[in-house]
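What follows is each chain in one-letter form.
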Amino acid sequence: MFTSQGPSLRELAVQALSSTEHGYDLLAPKFDHTPFRTPERILDACAEALRPLGPFTAGLDVCCGTGAGVQVLRTMCREHVTGVDFSAGMLAEARAALTPGAGAGGTGPVVDWVRADARALPFTEGFDVAVSFGAFGHFLPAERPGLFGQVHRALRPGGLFAFPIGAPQPLTSPWYWAMLGFDGAMRARNLLWRPRFVMYYRTFALAGVRADLERAGFTVRLRPLEEFGRRDDGSPHWRLVVARKPAAHEA
Ligand SMILES: C[S@@+](CC[C@H](N)C(=O)[O-])C[C@H]1O[C@@H](n2cnc3c(N)ncnc32)[C@H](O)[C@@H]1O
């Protein structure tokens, strides 16, 4: 899963004993060589599903890391794309890789990077689309309503908040047990060690997520990402959640 350019076991251990924010600062230079970066296949599928709902004027990538979602938004936003993350290290990598003039070409929307905690976003009605990839495991379920409320406030009326969500693994899958084991180890670590590193795989189930989005004021639609196939019960392995903030006349 890790290439030779990725972090060593020792580096991962030091990262995991840090706070979430500092852990990412440490990991940042090697992050794109880890499986934690959202794979291109997921990004492409989400872009395909989201593009027909645009074009958009201004987009926000929440917990942008090294810029996976910014990369998607640049293809569908006309004027502006903002990546927001609380790790200065991750933002530095994103800036170096994706700012026009640093290898990303000079055309397309203006891209900027903001260091902020997603639980206290410094934006009000600035965007008509927001995305987030691979970061929800860093928020405890109790923090979710606040997080979704922040994104809701950052969006203009009629704006969309979109993110992929995977179906739960069946009990027969080795991934089910791997994730259960990982979350158990993280809970033990966070009981015994400070600062906390918050990262859980099994806390972001669709039913609760949908209810929290609706409570924050969104209407929710689900779009199957058919490229990832379907489970035995016919439900999609992956979906794009598209949460819409009502337009002014609907509110
Ligand atoms: C697994 S990485 C995902 C990065 C990128 N979105 C991707 O898909 O490759 C998670 C990111 O979330 C950021 N993050 C976690 N908690 C955060 C918070 N409360 N506020 C802002 N950023 C946060 C981390 O700094 C990290 O860059």
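Rules of the game
Residues numbered from 1 in each chain as written. Predicted model: local features only at pLDDT ≥ 70, side-chain atom pairs only at ≥ 80, totals over all residues. Heavy atoms only, no water. Helix = DSSP H or I, 4+ residues; strand = E, 2+ residues; numbered from the N terminus. Rg over C-alpha atoms; globule rule 2.2 N^0.38 Å. Buried < 20%, exposed > 50% of the residue type's maximum accessible area, 1.4 Å probe, protein only. Contact = heavy atoms within 4.5 Å. Areas by Shrake-Rupley, 256 points an atom, 1.4 Å probe, with all protein chains shown as cover. Lys, Arg positive; Asp, Glu negative; His and termini not counted. Charge placed at Lys NZ, Arg CZ, Asp CG, Glu CD. Near = heavy atom within 4 Å. Polar contact = N/O pair within 3.5 Å; in protein donor to acceptor, adjacent residues only side chain to side chain. Nonpolar A, V, L, I, M, F, W, Y, C, P; charged D, E, K, R; others polar. Domains from an automatic or database assignment. Arc of directions from axis to C-beta. Phe/Tyr/Trp six-rings, centres within 6.5 Å; stacked < 30°, edge-to-face > 60°. Axes fitted to C-alpha atoms, helices over the stretch in contact; angles between N-to-C directions. Parallel < 35°, antiparallel > 145°, perpendicular 65-115°, else oblique. Left-handed = near helix turned anticlockwise from the far one by under 90°.

(A) Main features of the overall build of the chain. Counting its regular elements, the chain contains eight helices and seven strands. Expected size for 251 residues packed as a compact globule is a radius of gyration near 18 Å; at 18 Å, the chain falls within 12% of this value. Counting only C-alpha atoms, the chain reaches 50 × 45 × 35 Å along its principal axes. Split into buried and exposed, the 251 residues of the chain put 45% on the buried side. Contacts spanning at least 24 positions in sequence make up 69% of the contacts within the chain whose residues lie at least 6 apart. Of the roughly 12,400 Å² that the chain leaves accessible, carbon and sulfur atoms contribute 59%. Across the chain, 27 positive and 24 negative side-chain charges occur, with their mean positions spaced 4 Å apart.

(B) Focus on the site of the ligand. Contacts to the ligand come from 22 residues, most closely from Thr-38, Cys-63, Asp-85, Ala-118 and Phe-133. Thr-38 places a side-chain nitrogen or oxygen 2.5 Å from an oxygen atom of the ligand. In this structure, a nitrogen atom belonging to the ligand sits 2.8 Å away from a main-chain N or O atom of Ala-118. Contact with the protein chains covers 98% of the free accessible surface of the ligand, which is 590 Å². Tallied by class, the residues present in the shell around the ligand amount to 13 nonpolar, five polar and four charged. Each of domain 1 (1-36) and domain 2 (38-168 + 205-250) contributes no fewer than three residues to the shell around the ligand.

(C) Quick look at helix α2 (residues 20-27). Where α2 is concerned, the buried positions are Thr-20, Gly-23, Tyr-24 and Leu-27. With its buried residues spanning 95° around the axis, α2 presents them on a single face. Among the structural elements, α1 (9-16) and α5 (88-98) are those in contact with the buried residues of α2.

(D) Inspection of the packing of aromatic side chains at higher detail. As enumerated under the stated definition, the model contains 15 aromatic pairs in all. Centre to centre, the rings of Phe-148 and Phe-163 are 6.4 Å apart; their planes meet at 15°, and the pair counts as stacked. Placement of Phe-148 in helix α6 (residues 144-154) and of Phe-163 in strand β5 (residues 155-166) is noted, with a sequence separation of 15 residues between them. Accessibility assignment for this pair places Phe-148 and Phe-163 in one class, buried. Judged by centre distance (6.1 Å) and plane angle (40°), the rings of Phe-161 and Phe-218 are tilted. Within this pair, whereas Phe-161 is found in strand β5, its partner Phe-218 is found in the loop between α8 (206-215) and β6 (219-224), the two being separated by 57 residues in sequence. For Phe-161, a relative accessible area of 1% puts it in the buried group.

(E) Focus on the environment of Gly-134. Mapped onto the fold, Gly-134 is located in the loop between β4 (127-131) and α6. With 131 residues separating them along the chain, Gly-134 and Thr-3 place their C-alpha atoms 19 Å apart.

(F) Highlighting the packing of α1 against α2. The geometry of α1 relative to α2 is characterised by a closest axis approach of 8 Å and an angle of 155° between their N-to-C directions. With respect to α2, the axis of α1 lies roughly antiparallel. Residue-level contacts link Leu-12, Val-14 and Gln-15 of α1 to Gly-23, Leu-26 and Leu-27 of α2. Among the residues making up the contact of α1 with α2, the classes are represented as four nonpolar, two polar and no charged.

(G) Just the packing of α6 against α8, in detail. In the contact formed by α6 and α8, the axes pass within 9 Å of each other and the chain directions differ by 50°. Taken together, the axes of α6 and α8 lie oblique to each other. Both α6 and α8 take part in a crossing whose hand is right-handed. Packed against α6, whose contacting residues are Arg-144, Pro-145 and Phe-148, the element α8 presents Gly-208, Val-209, Asp-212 and Leu-213 at the interface. Tallied by class, residues from the contact of α6 with α8 come to four nonpolar, one polar and two charged.

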